[in-house]
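Remarks on the overall topology
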Amino acid sequence: MREVRLVFSKLDRCKYISHLDINRCMARALMRAKIPLWYTEGFNPHPYMSFSLPLSLGVESNCESVDIRITGEISNDEIKDRLNSMLPTGIRIVAVYDDFRDCSEIAYSDYVYKIEFSDNEAAFEKIKYVLSADAIPALKKSKQGRRRIVKETDIKPLIDRYGISIRGNDIVLNARLAAGQDKNLNPSLLFDTIIRLIDMDFEWKSISRIALLDKDYNIFR
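Reading guide: rules and limits
- Residues numbered from 1 in each chain as written.
- Predicted model: local features only at pLDDT ≥ 70, side-chain atom pairs only at ≥ 80, totals over all residues.
- Heavy atoms only, no water.
- Helix = DSSP H or I, 4+ residues; strand = E, 2+ residues; numbered from the N terminus.
- Contact = heavy atoms within 4.5 Å.
- Areas by Shrake-Rupley, 256 points an atom, 1.4 Å probe, with all protein chains shown as cover.
- Buried < 20%, exposed > 50% of the residue type's maximum accessible area, 1.4 Å probe, protein only.
- 1 Å grid on protein atoms, 1.4 Å probe; cavity = no way out; pocket = protein on both sides within 12 Å on 5 of 7 lines; lining within 4 Å.
- Points joined across faces, edges and corners; volume = space filled by probe spheres on them.
- Nonpolar A, V, L, I, M, F, W, Y, C, P; charged D, E, K, R; others polar.
- Salt bridge = Lys/Arg side-chain N within 4 Å of Asp/Glu carboxyl O.
- Pairing = 2+ DSSP bridges.
- Expected span 1.5 Å × (residues − 1).

**Side note on the overall build of the protein chain**
Within the protein chain, the regular secondary structure consists of four helices and ten strands. Taken from the N to the C terminus, the helices and strands of the protein chain come in the order β-α-β-β-α-β-β-α-β-β-β-β-α-β. Expressed as a percentage of contacts within the protein chain between residues at least 6 apart in sequence, the contacts between residues at least 24 apart total 74%. Accessible surface, the protein chain: about 12,600 Å² in total, of which carbon and sulfur atoms supply 47%.

**Let's talk about the environment of Val66**
Mapped onto the secondary structure, Val66 falls in strand β3 (residues 60–70). Accessibility expressed as a relative area gives 0% for Val66, which makes it buried. Considering only alpha carbons, one finds Val66 and Tyr48, 18 residues apart in sequence, at a separation of 9.8 Å. Residue contacts for Val66: discarding those within four places in its chain leaves Val4, Arg5, Leu6, Phe8, Met26, Met49, Ser50 and Phe51.

**Here's the deal with empty space enclosed by the protein**
Counted by the stated rule, this structure contains one cavity of 30 Å³ or more. Taken as a whole, the largest cavity holds about 70 Å³ of empty space. Elements with a contribution of two residues or more to the lining of the largest cavity: β1 (2–10) and α1 (19–32). Its residues assigned to classes, the lining of the largest cavity shows six nonpolar, one polar and two charged.

**Examining the pattern of salt bridges**
Under the counting rule described, the total for this entry stands at twelve salt bridges. Put simply, Arg209 and Glu64 hold a salt bridge, and the shortest N to O gap is 2.9 Å. One end of the pair, Arg209, is in strand β10 (residues 202–213); the other, Glu64, is in strand β3, and 145 residues separate them in sequence. Take Arg209: its relative accessible area is 2%, and that puts it in the buried class.

**What to know about the layout of surface pockets**
The method is simple in principle: a probe with the dimensions of a water molecule rolls over the atoms, and the space it marks as empty is what remains. By volume, the largest pocket amounts to about 190 Å³. Around the largest pocket, the lining is made up of 15 residues, and of these Ala107, Ala178, Gly180, Asp182 and Lys183 lie nearest the centre. Here the residues of the lining of the largest pocket are counted per class, giving nine nonpolar, three polar and three charged.

**Topic: the pairing of strand β8 (residues 159–167)**
Pairing between β8 and strand β9 (residues 170–178): eight bridges, direction antiparallel. Of the residues in β9, the one forming a bridge with Ile164 is Leu173. Counting the residues in the hairpin turn of β8 and β9 gives two residues, including Gly168, whose phi is positive at 65°.

**Things to note about α1**
A rise of 1.5 Å per residue sets the reference length of α1, with its 14 residues, at 20 Å; its end C-alpha atoms lie 20 Å apart and thus fit the reference within 8%. Buried within α1 are the following residues: Ile22, Cys25, Met26, Ala27, Ala29 and Leu30. Against the buried residues of α1 lie β1, β2 (49–51), β3, α2 (76–84) and β4 (91–97). One or two positions beyond α1, positive phi appears at Lys34, with a value near 60°.

This is how it looks when you write it as structure tokens:
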């Protein structure tokens, strides 16, 4: 038995598939592709799969990964080709490899936001002001007993670095966010917070995860 990591992209309409459904989709594709998997033991055996970092709904990515265990003789190239023939459009295996690091070493995640406003110049100045402030108050939903409450929390410490510019019809924000087990900033929460604080309606937006990094800013793999 050996363990391999599958790196895959999740693009276009597939960005609206939840993490649970991605889990099911990958499990079905693995079975249809007849990949010789190791199954858990017990009353309800299922293929071993371990995802690196769940992706927020509505966010695209080129760097998602899932670890599986192989019991038979099959090359990594064959695993990739078989799976890609079974996966839906928008989800593609981009790499398969054996030597990989533990997911606990993930510390940061790089995102690209593209946002269009009716007045990009005004929005650009407002977003710069929000991001440069000493604190960025976000509204997070949580539970207090059986009640759902909304708490205000400062997400500024969770933004490691950022850059913002206007390119064509879009405002482009590149942001490196905390993504470790101890500190984690949901990219959608950052977007929602910015829109709430600048008090402007957007015409169009996209959010993409482009890289996972360790604490020393090395690409995680």
